[in-house]
Every structure is written in C-alpha cells, then in structure tokens.
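# Coordinate inspection notes
Listed below are the residues making up each chain.
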Amino acid sequence: MKFHTLCVATFFLAFGCGDSAVEPTATAATVDTAGRWPVGDPTDHGYDPVALETAAQAIADPDSKSLLIVHDGEIIFERYWDDDGPDVPFPVFSVTKSFTSTLVGVAEQLGHLDREDRASDHIPTWRGTDSESLTIRHLMTGDSGRTWDFAGDYPGSLGGGTTPADLTEYAANRGQQFEEETTWQYNQMAIQCLDRVLSGASGQPTVRFAQEQLFDRLGMRNTLADTDDLGQMTLAYGIRSTARDLARLGWLYLQRGKWNGETILSADFVHAATHTANPVNDNYGYLFWLNAERN
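Everything quoted here is computed from the prediction, not taken from an experiment. (Residues numbered from 1 in each chain as written. Predicted model: local features only at pLDDT ≥ 70, side-chain atom pairs only at ≥ 80, totals over all residues. Heavy atoms only, no water.)

On inspection of all chains with the given rule, the structure shows 10 aromatic pairs. Through a chain of ring-to-ring contacts, three or more aromatic side chains come together here, namely Trp 184, Tyr 186, Tyr 284 and Trp 289. (Phe/Tyr/Trp six-rings, centres within 6.5 Å; stacked < 30°, edge-to-face > 60°.)

In this structure, Ser 266 sits in the loop between strand 8 (262-263) and helix 11 (267-273). Setting aside its immediate chain neighbours within four residues, Ser 266 contacts Gln 109, Arg 115 and Arg 256. (Helix = DSSP H or I, 4+ residues; strand = E, 2+ residues; numbered from the N terminus. Contact = heavy atoms within 4.5 Å.)

Before going further, it helps to spend a moment on the environment of Ala 225. Looking at the secondary structure, you find Ala 225 in strand 5 (residues 224-225). On the basis of relative accessibility, which here comes to 19%, the residue Ala 225 falls in the buried class. For the pair Ala 225 and Ala 210, spaced 15 residues apart in sequence, the C-alpha to C-alpha distance is 8.4 Å. If we skip the residues at most four places from it in the chain, Ala 225 touches Val 207, Phe 215, Met 233, Gly 238 and Ile 239. (Buried < 20%, exposed > 50% of the residue type's maximum accessible area, 1.4 Å probe, protein only.)

Moving on, we get to the packing of helix 3 (residues 95-109) against helix 10 (residues 243-254). Interhelical geometry of helix 3 versus helix 10 gives an angle of 45° and a closest axis separation of 12 Å. Of the possible angle classes, the one that applies to helix 3 and helix 10 is oblique. The crossing of helix 3 and helix 10 is left-handed. Across from Val 95, Phe 99, Ser 101 and Thr 102 in helix 3, the residues of helix 10 making contact are Leu 246, Leu 249, Leu 252 and Tyr 253. Residues of the contact of helix 3 with helix 10, tallied by class, amount to 6 nonpolar, 2 polar and no charged. (Axes fitted to C-alpha atoms, helices over the stretch in contact; angles between N-to-C directions. Parallel < 35°, antiparallel > 145°, perpendicular 65-115°, else oblique. Left-handed = near helix turned anticlockwise from the far one by under 90°. Nonpolar A, V, L, I, M, F, W, Y, C, P; charged D, E, K, R; others polar.)

It is worth spelling out the pairing of strand 2 (residues 64-71) at this point. A large share of strand 2 lies buried, amounting to 8 of its 8 residues. Alignment of strand 2 against strand 3 (residues 74-80), held across 6 bridges, turns out to be antiparallel. If you follow Ser 66 over to strand 3, its bridge partner there is Tyr 80. Counted along the chain from strand 2 to the antiparallel partner strand 3, the turn is 2 residues long, and its residue Asp 72 has a positive phi close to 55°. (Pairing = 2+ DSSP bridges.)

The following block contains the structure:
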C-alpha cells in the first residue's frame, strides 16, 4: 500500500492553542451555501505569494498530493502535484479516524448518544464481559484495551488474509485484552466498533448518517466513504476526499463546531477532541493526533 503525503495547510491547525471561540465570517456562509470555496489574493490576507510558492516547492515530491491554504474562509494558495486537480477524491487513509470522531460529536449534538454512554448499549454481545464498561469515548481515545495484534488489526490488507465480509462483527468479536485506561494502542478494529454504536444510536447505516449529517451539511461534495461487503462504513480508514473538502472539516473545528451559524458540534466536544483525552497518551485526543502535549 502506497501512502501519499497530504499537505492541507489551513490556519485552523491552531485550534488547540486558545479557548476563545472564533466567530464565523461572511465568507464562511458563502462556503456553506455555494458548495465551493471563495478564492482570495494572498497579498490581501497579509501573505507573500512568492514566499508561499517557495514553501510549496520545498515540500513538493512525487509522493506529495497537494497544498491548500485557507485564511478567513478563502483559498489563498493551492497547488497539486498530479493530474487529478482539486475535485478528484483520493484515499486519505487515517484522516478517516478524525471524520469518525466528528460523526460521534454530530450524533451527540443531535441527541442520539452521549460520549460517556456504554458502548455495550449498542453492542449486546459485550454485556456481561470485560468490555461491558467501555464507553463510546474509550473507543475514540485509544485506551479501550480492546485486543490488538498487527495481523488481526489489518485483516485482508497489511496483515494479510481475507477481509471479513462483516467487518463490524469481526471487530466487535475481537475481545478485551487490557482494562480500559491502562494502555494505549492505535487500534483500528476498536474504532470499527463505533459503526455499531453510530448505526444503533442514529437508527440508520453509519455511511448514510455520515452523508446526510456531515458531508452534505458541510458541502463536502467530493468526499466518499468506503464500506465492507455489507455496506457498513469502514471507520479507521477508507475515506476518499479532496484537499478542499478536508479544509471544510478544519474550518468546522476552527469555528468551534459552527457552520454558517448552525451548531454541528458542541464547543465542548471540539475542545475535548483536540486536547489530551486519555491518561496514557498526552498526544492523542478523540482520534486526532495533537502534534504537541495539550492539557
């Protein structure tokens, strides 16, 4: 499997640096209703276009995909290093995890669940087992203690073997290896268990929930979600998207969960997702890498 380097340099990446909410601008409404990003001149935004071009050339290589810079709701710089252009989706691999976290936040905002609910409320086979006490939050923070081994965590791909037709059932049956909040693991199949949670809580397949409640509401017109053979969304990997659509996800977080004045995520969820969220890994939030220790 070849991994591309995705460079989406949007200034929302500072979302963990302060607690004061950033109010949406007039251009944010244009982004939302028109389904496309307005384009601005970098000079008008206080940036040197020559310096931006120099930076783009410095990171360009055959495995890089794109560089997109959004400031105040406008695209001020954009480069692509292939022939696809801005509207052709490509695999974003584990960025899918941050979409999955966001889906939990959306479901919570809609009143379908609470992140502190027990996951076993939606996974009956966990009741009466060591996994019964796991919360939905534990499945997002990497400290659930669910069973992990390399081959079993990547069935049919990096781990070899055959991909299960029912990936969610396979993931739910993996068992409990450690007590929650005692170890941290980049556990793909623990994350896949959130498919059962999201579909059970929302009353519809997770892939449809994602389309209707996230992709459509944010105008992500070129974002697609992969599924297993039963049509269940793959939640640890599998999203195909574009730099422009990914910037929409970032813009949502920069706006502390608001989009065109509508609350998509609670400000509390945004803060928790983008700050240290577990006792055993300072650099991980709700399926977000934090790049620095945050408390």
